[in-house]
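Close look at the chain arrangement
Take a look at the letters that make up each chain.
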Amino acid sequence: MTDMTNAAPVAATSPGLPEDQRRLIELDDAIAKIRTQIATADLARQRGHKPIDPDWFHRARTALRHLCRERAELLAQGTGRRRREKLKDALIGVLRERHDPETWEGILAEAQARSEWEGL
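What you see is a predicted model, and the numbers here were worked out from it, not measured in a lab. (Residues numbered from 1 in each chain as written. Predicted model: local features only at pLDDT ≥ 70, side-chain atom pairs only at ≥ 80, totals over all residues. Heavy atoms only, no water.)

1. A word on the overall build of the protein
Basically, it comes down to this: The helix count covers DSSP runs of H or I at least four residues long, the strand count covers runs of E at least two residues long, and both are numbered beginning at the N terminus. Three labels apply to residues, based on accessible area from a 1.4 Å probe with only protein chains included: buried if under 20% of the type maximum, exposed if over 50%, partly exposed otherwise in between. In this description, contact between two residues means that some pair of their heavy atoms is separated by no more than 4.5 Å. Only the protein chains shown count as covering a residue, and every accessible area follows the Shrake-Rupley method with a 1.4 Å probe.
In terms of regular secondary structure, the protein is built from four helices and zero strands. In the protein, the succession of helices and strands from N to C terminus is α-α-α-α. Considering the protein as a whole, with its 120 residues, one finds that 12% of them fall into the buried category. Relative to all contacts within the protein whose residues are 6 or more apart in sequence, the contacts with residues 24 or more apart total 46%. About 9800 Å² of surface is accessible on the protein, with carbon and sulfur atoms providing 57% of the total.

2. A short note on a positive patch on the surface
Quick reminder of the rule: Any residue with relative accessible area above 30% and no salt bridge may belong to a patch, with like charges joined within 9 Å and the nonpolar Val, Leu, Ile, Met, Phe, Trp and Tyr side chains within 5 Å. Counted as salt bridges are all cases of a side-chain nitrogen of Lys or Arg within 4 Å of a carboxyl oxygen of Asp or Glu. When charges are counted, Lys and Arg are positive and Asp and Glu negative, with His and the chain ends excluded. To locate a charge, take NZ of a lysine, CZ of an arginine, CG of an aspartate or CD of a glutamate.
Residues Arg35, Arg61, Arg65 and Arg69 make up a contiguous surface patch of positive charge. With three residues, helix H3 (residues 54-98) is the largest single contributor of residues to the positive patch. Here Arg69 shows up in helix H3.

This is a description of form; function is not addressed.
Shown next, in the form of C-alpha cells:
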C-alpha cells in the first residue's frame, strides 16, 4: 500500500516530469495539507475542545490564497504552451502534406535524432 504522506513528494521528484508539472503537484499537496489542517481545527472547535487561534487561521488562509494564486498562474502559463503545441501540430500537418512520403520519413528521422541528441 502507498504511504499517502509521501505520495506527492515521490510524484514530484519522479524523473521525466517537466518542472511546471512538478510544481503543480507540490502546490496541490501543500494546498491539500493546509485545507486538512483548517478542517481539523474546525472539527476540534465544533467539539468544544478549543477555539481556533485567529492568528494561526489568518496565516493558514493567507498561505492557502498565495498557493492557489501561484497554481492559477502556472495553469495560465500552460495555456500558452497548449497554443504552441497546437501551432506545432498544424506546422507538422502542413509540412507533411507538402512532402512525399520518402522525404517526410527523412525529415522525421532527422527530427527524432535531433530530439535524442538534445535530450528531449
